[in-house]
Amino acid sequence: MWAIVEAAGWPIWTIIAASVVSLAIILERLYSLRRGAVVPHGLLAQTLQEYRRVGDKDELMQRLHGHSPLGRLFAAGLRNVHGSREVMKESIEDEGRQVAYQLERLLTTLGTIAAMAPLLGLLGTVIGMIEIFGSQNASGANPQQLAHGISVALYNTAFGLIVAIPSMMFYRYFRSKVDGLLVEMEAQAIKLVEVAHGERKNGG
């Protein structure tokens, strides 16, 4: 492996750095965007049960807010449960924008790496071509310099694509997953609003 890095020249280090950042983001997002961590199963029913038992106490709000992104939406809604249905929905939407920002965190960086990696490979290719032309002299080509220039050009192109392709695939996957999670959270939060207001009207 080290021999390949040496053959690829100094441009390969920029691609290696991009690959390390990309891998770190992918692993972090795979962990953070687990469905069970973002939209825990049964949280709506549990929240409604607690709300019926203790009402909109601060203890319940704090527990929900620290529980999960979905819990943050529930907490935002229940804090305004005594307002109108529209006020409750607006508070959920406001909190939802912050939750969406957290879920989409680092995805822009991953997309940038996916777009940038082929350009870094192209940079290495150009540098390799410069070395190839530099190997030409009056007495002919310098075989060693010619071979090194070809290695720099080919290895950087290949490594740039190797980093870019999975980065773009995971970027698209995470974007789609975040969109799906947001839709599901919105549906559950709206259901919470309808049930809470229905019970409040029936109760008083």
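Residues numbered from 1 in each chain as written. Predicted model: local features only at pLDDT ≥ 70, side-chain atom pairs only at ≥ 80, totals over all residues. Heavy atoms only, no water.

1. Comments concerning the overall build of the protein
Inference 1: If you tally the helices and strands in the protein, you get nine helices and two strands.
Inference 2: Mapped from its N terminus to its C terminus, the protein presents α and β elements in the order α-α-α-α-α-α-α-α-β-β-α.
Inference 3: Whereas a compact globule of 204 residues would reach a radius of gyration of roughly 17 Å, the protein reaches 27 Å, over 25% beyond that.
Inference 4: On the principal axes, the C-alpha backbone points of the protein span a range of 100 × 30 × 20 Å.
Inference 5: Long-range pairs, those at least 24 residues apart, make up 77% of the contacts in the protein with a sequence separation of at least 6.
Inference 6: Only carbon and sulfur atoms are counted for the fraction: they give 62% of the accessible area of the protein, which is about 11,500 Å².
Inference 7: When the 19 positive and 18 negative side-chain charges of the protein are each reduced to one mean point, those points stand 5 Å apart. (Helix = DSSP H or I, 4+ residues; strand = E, 2+ residues; numbered from the N terminus. Rg over C-alpha atoms; globule rule 2.2 N^0.38 Å. Contact = heavy atoms within 4.5 Å. Areas by Shrake-Rupley, 256 points an atom, 1.4 Å probe, with all protein chains shown as cover. Lys, Arg positive; Asp, Glu negative; His and termini not counted. Charge placed at Lys NZ, Arg CZ, Asp CG, Glu CD.)

2. Details of the pattern of salt bridges
Inference 1: One pass over the full model with this rule turns up ten salt bridges.
Inference 2: Taking the shortest distance from any N to any O, the salt bridge between Glu 28 and Arg 105 comes out at 3.1 Å. One end of the pair, Glu 28, is in helix H2 (residues 11–32); the other, Arg 105, is in the loop between helix H7 (85–103) and helix H8 (107–134), and 77 residues separate them in sequence.
Inference 3: For Arg 105, a relative accessible area of 35% puts it in the partly exposed group.
Inference 4: Arg 72 is the salt-bridge partner of Glu 95, the closest N and O atoms lying 2.8 Å from each other. Here Arg 72 lies in helix H6 (residues 69–78) and Glu 95 lies in helix H7, a separation of 23 residues in the sequence.
Inference 5: Judged by its relative accessible area of 12%, Glu 95 falls in the buried class. (Salt bridge = Lys/Arg side-chain N within 4 Å of Asp/Glu carboxyl O. Buried < 20%, exposed > 50% of the residue type's maximum accessible area, 1.4 Å probe, protein only.)

3. Some details on the packing of helix H4 (residues 43–54) against H6
Relative placement of two packed helices is described by the angle separating their axes and the distance separating the axes.
Inference 1: Remark: H4 packs on H6, axes separated minimally by 11 Å, with the N-to-C direction vectors making an angle of 30°. Regarding the angle of H4 to H6, the classification is roughly parallel. H6 is crossed by H4, and the crossing has right-handed handedness. Residues Leu 43, Leu 44, Thr 47 and Tyr 51 of H4 touch H6, and the partners they reach there are Leu 70, Gly 71, Phe 74 and Leu 78.
Inference 2: Residue classes in the contact of H4 with H6 are distributed as six nonpolar, two polar and no charged. (Axes fitted to C-alpha atoms, helices over the stretch in contact; angles between N-to-C directions. Parallel < 35°, antiparallel > 145°, perpendicular 65-115°, else oblique. Left-handed = near helix turned anticlockwise from the far one by under 90°. Nonpolar A, V, L, I, M, F, W, Y, C, P; charged D, E, K, R; others polar.)

4. Thoughts on a nonpolar patch on the surface
Inference 1: A cluster of nonpolar residues, Leu 23, Leu 27, Leu 30, Phe 170 and Tyr 173, forms a patch on the protein surface that exposes about 460 Å² of accessible area.
Inference 2: Breaking the nonpolar patch down by element, the ones donating at least two residues are H2 and helix H9 (143–203).
Inference 3: It is H2 that contributes the most residues to the nonpolar patch, three residues altogether.
Inference 4: Relative to the helices and strands, Tyr 173 is located in helix H9.
Inference 5: For Tyr 173, a relative accessible area of 41% translates into the label partly exposed. (Patch = residues over 30% accessible without salt bridge, like charges linked within 9 Å, V, L, I, M, F, W, Y side chains within 5 Å.)

5. Some remarks on a negative patch on the surface
Inference 1: Taken together, the side chains of Glu 86, Glu 90, Glu 93 and Glu 186 make up a negatively charged region of the molecular surface.
Inference 2: Tallying contributions element by element places H7 first for the negative patch, with three residues.
Inference 3: Judged by relative accessible area, Glu 86 falls into the exposed class, the value being 52%.

6. Quick notes on the UniProt feature "transmembrane region" (unreviewed entry) in the protein
Inference 1: UniProt's entry tags residues 12–31, 106–130 and 150–171 with the feature "transmembrane region" (unreviewed entry), counted in the numbering of this structure.
Inference 2: Taken end to end, residues 12–31 comprises 100% helix and 0% strand; its first and last C-alpha atoms sit 29 Å apart.
Inference 3: The span residues 150–171 shows a helical share of 100% and a strand share of 0%, and its end C-alpha atoms are spaced 32 Å apart. (UniProt positions renumbered as here; feature names shortened; annotations may be inferred.)

7. Concerning the packing of aromatic side chains
Inference 1: According to the stated counting rule, one finds two aromatic pairs in the structure shown.
Inference 2: An angle of 35° between the planes, with centres 5.9 Å apart, marks the rings of Phe 170 and Phe 174 as tilted. Taken together, the positions of Phe 170 and Phe 174, both in helix H9 and four residues apart, correspond to about one turn of that helix.
Inference 3: We classify Phe 170 as partly exposed; its relative accessible area is 30%. (Phe/Tyr/Trp six-rings, centres within 6.5 Å; stacked < 30°, edge-to-face > 60°.)

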